[in-house]
Amino acid sequence: MSVVYEVTVYTGDVAHASTFHNVYITLVGTGGQSESVELTSWFPFFYKGSVAKFEVKCYKPLGELLVIILRKEHHILFPNSPWFVAKVEVKSPMGDIYPFPIYKWITDCEEHYFREGSGLSILNTFTKQRKNRLRGKLAECKEKWTNIEDIQRLYSCHRTEISDYVHHHWKEDSFFGYQFLNGVNPMVIRRCRALPQNFPVTDEMVFKGSKQRLKDEMKKGNIFLCDYKILDGVKANIINGKQQYLVAPLVLLHKTPDDQLMPIAIQLKQTPAEDNPIFLPTDSEWDWLLAKTFVRNADFNLHQLSSHLLRTHLLAEVFTVALLRHLPMMHPLYKLLMPHTRYTLMINFLARKLLISDTGFASSGGEGMLTILRKALSSVTYRSLCLPDDISDRGMKDVPNFYYRDDGLELWNIIYSCYYKDDKMVQHDQALQEWIYAIYSNGFTSEKKTDIPMQLNTVNELLKFVTMVIFTCSAQHSAVNAGQYDFIGWMPNTPVSLERPPPSRKGEATEATMLDTFPSIDVTVHGMATVWLLSKQSSDSEFLGNYPEQRFTDDVPLEKIKTFKEQLKKLHLQIQERNKHLELPYTYLDPKVVENSVSV
């Protein structure tokens, strides 16, 4: 006996949105897919602003709907008939409504895939898939890893070219240093001109038998510091009834004559003490590797909660809500910024519901997570959100092989554009001033120390702020999100949690110590599955420079959009050419892969 799905198609209310072409739809669910069904008849259902209803009959229920496939078929009388689809809603035989937001022009006869808009079904399906494909019985296994080979077998289920590189090089000091520049968290490292008082590194420790001196190398600009003091005093998580551990390390790095960034000292806790030794590359293999592992875990926790969640997802939500509340639809900034809000509120709702929980799967879950977010928020300043200022303040303007900086500054400069002619237009735009004040008062709780502006007085001030908003929602999110599985998928490189306290003495660590420190099998699997999901692009991604809704109609903004796209294409080719000569390509800020918005 067949079942019936009710399909409602909304054609966009924009110029030339109508089509006279035949349209076909396929429904794809967890239990199978429908045949490709024609939705059109002689009457032009898909005219501008129309809402058309159809029935799709299937031989059996399709389960939770995941994707719809739309295809146009050219009509001999209307060979060129593009169609702007706003959205599609499907009502299942059980009465469940599945929204598919599209807002996209379909101009060809290819199949176009669109995911279910609530995100719940695709996340639920992913959970089932990762149980079957990645997790299996391991998902429920709370035992410890007993050898590296078993971790490798799990890892072999899901691999990327870059994660394979990480797998082969994770123990190397040069790669450990590289990740502070071009991994998923390039936000911590800064040039060190003077050692912190709580990090008593000596020349004898790091330059034993050499004529080099720390003081001289700092003067030359060759010493760098990563300080995770935000994590100090954070209450670590309890997982499976077992205490986890999280440290607040300090890491000193040295730029060598061949431009490699090499770690030369690691202190795992903030307060110097006899039971808090400074670990060195000259220590035993396992002492040094274990110290680096605690650093990588600290970096993971700071990255997820500060660099990723707070500084992209939550800030993008602040900008989105202020935009929807205070700028009218015809305002030029509304038109400019709306593409950079796509799916943001939805994905943040899902993150709160499904990924950010009271327990969590990382060292900092539960109470510790909120502590880190509070501390991280207090460290956010306007300058730290503006890439040129942030790079300058961290002393990183001339560091070699810093591709996050190079590509990011190129993108920042390309984005830097505006439609206001003079300062008075900015000052007298009440909607604009309400928007910026809402961001200052609600998003940053009127904290003057953040230097977030509460009003904008000049075109240059507006240019900088709007560039920051667009960069945060697009490029910055790509930089800290897209490579997560690449660098975290091989668990030993970046453990999401650690189950032994940090070493308090040297000379005791072994491979068995390392394996016992790693997270349990189920936590490893959960972490791998989560970063795999977060790293995947959706089938309906909209990339930087694409404006499918065509909100602008005036010649000036349309010409600026054309120039914007041309500059992005030029940057793409530059990055592509540079990457040909790199052992490990840096792709996360290539405009071809940078999504318009925080959408995953």
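Residues numbered from 1 in each chain as written. Predicted model: local features only at pLDDT ≥ 70, side-chain atom pairs only at ≥ 80, totals over all residues. Heavy atoms only, no water.

### A word on the pairing of strand S5 (residues 51–58)
Phase 1: Of the two faces of S5, the one holding Ala 52, Phe 54, Val 56 and Cys 58 is buried and the one holding Val 51, Lys 53, Glu 55 and Lys 57 is not buried anywhere.
Phase 2: Here strand S1 (residues 3–11) pairs with S5 via eight bridges, running antiparallel. Bridge pairing in S5 places Tyr 10 opposite Val 51. (Buried < 20%, exposed > 50% of the residue type's maximum accessible area, 1.4 Å probe, protein only. Helix = DSSP H or I, 4+ residues; strand = E, 2+ residues; numbered from the N terminus. Pairing = 2+ DSSP bridges.)

### Brief notes about unusual backbone geometry
Phase 1: One non-glycine residue with positive phi stands out, namely Asn 240, at about 55 degrees.
Phase 2: Among the structural elements, Asn 240 can be located in the loop between strand S12 (238–239) and strand S13 (242–243).
Phase 3: You will see that Asp 259, though not glycine, has its phi angle at about 65 degrees, which is positive.
Phase 4: In this structure, Asp 259 sits in the loop between strand S14 (250–255) and strand S15 (261–267).

### Regarding the sheet that holds strand S8 (residues 97–106)
Where strands meet in a sheet, backbone hydrogen bonds hold them as pairs that are either parallel or antiparallel.
Phase 1: Taken in spatial order, the four strands make up an open sheet running S5-S1-S7-S8, and their pairing is antiparallel. In this open sheet, the two strands that pair with only one neighbour each are S5 and S8. Taking each pair of neighbouring strands and ignoring which way they run, the sheet shows an average axis angle of 20 degrees.
Phase 2: Of the strand pairs in this sheet, strand S7 (residues 83–91) and S8 are connected by eight bridges, and their pairing is antiparallel. Counterpart to Lys 87 in the pairing with S8 is Pro 101. (Axes fitted to C-alpha atoms, helices over the stretch in contact; angles between N-to-C directions.)

### What about helix H7 (residues 285–326)?
Phase 1: Its 42 residues place the ends of H7 58 Å apart at the C-alpha level, agreeing with the 62 Å of an ideal helix rising 1.5 Å per residue.
Phase 2: At Leu 309, H7 is deflected by roughly 50 degrees, the largest bend along its length.
Phase 3: Most of H7 is tucked away, with 35 of its 42 residues classed as buried. (Expected span 1.5 Å × (residues − 1). Bend = angle between axes of the 7 residues up to and from the residue.)

### Side note on the domain arrangement of the protein
Phase 1: Partitioning the protein into domains gives domain 1 (3–119) and domain 2 (306–475 + 543–580).
Phase 2: Using only C-alpha atoms to locate each centre, domain 1 and domain 2 end up separated by 33 Å.
Phase 3: Contacts between domain 1 and domain 2 engage 11 residues on the former and seven residues on the latter.
Phase 4: Of the roughly 730 Å² buried where domain 1 meets domain 2, counting both sides, 53% is carbon and sulfur surface.
Phase 5: It is Tyr 103, Trp 105 and Arg 115 in domain 1 that bury the most area against domain 2; as a group they hold 46% of the surface buried on that side.
Phase 6: At the boundary of domain 1 and domain 2, one finds one residue pair in polar contact (both at pLDDT 80 or more).
Phase 7: By residue class, the composition of the side of domain 1 that touches domain 2 is six nonpolar, three polar and two charged. (Domains from an automatic or database assignment. Contact = heavy atoms within 4.5 Å. Buried area = accessible area lost by both parts, 1.4 Å probe. Polar contact = N/O pair within 3.5 Å; in protein donor to acceptor, adjacent residues only side chain to side chain. Nonpolar A, V, L, I, M, F, W, Y, C, P; charged D, E, K, R; others polar.)

### Considerations on the packing of aromatic side chains
Phase 1: Under the counting rule described, the total for this entry stands at 18 aromatic pairs.
Phase 2: An angle of 85 degrees between the planes, with centres 5.4 Å apart, marks the rings of Tyr 586 and Tyr 588 as edge-to-face. Of the two residues, Tyr 586 and Tyr 588, neither departs from the other in class, the shared state being buried.
Phase 3: Taken together, the ring pairs connect Tyr 165, Phe 175, Tyr 178, Phe 487, Tyr 586 and Tyr 588 into an aromatic cluster.
Phase 4: Seen from the ring of Tyr 24, Arg 71 lies directly overhead, with NZ or CZ sitting 4.5 Å from the centre.
Phase 5: Lying across the ring of Tyr 382, Lys 464 places its NZ or CZ 5.3 Å from the centre. (Phe/Tyr/Trp six-rings, centres within 6.5 Å; stacked < 30°, edge-to-face > 60°. Lys NZ or Arg CZ within 6 Å of the ring centre and 35° of its normal.)

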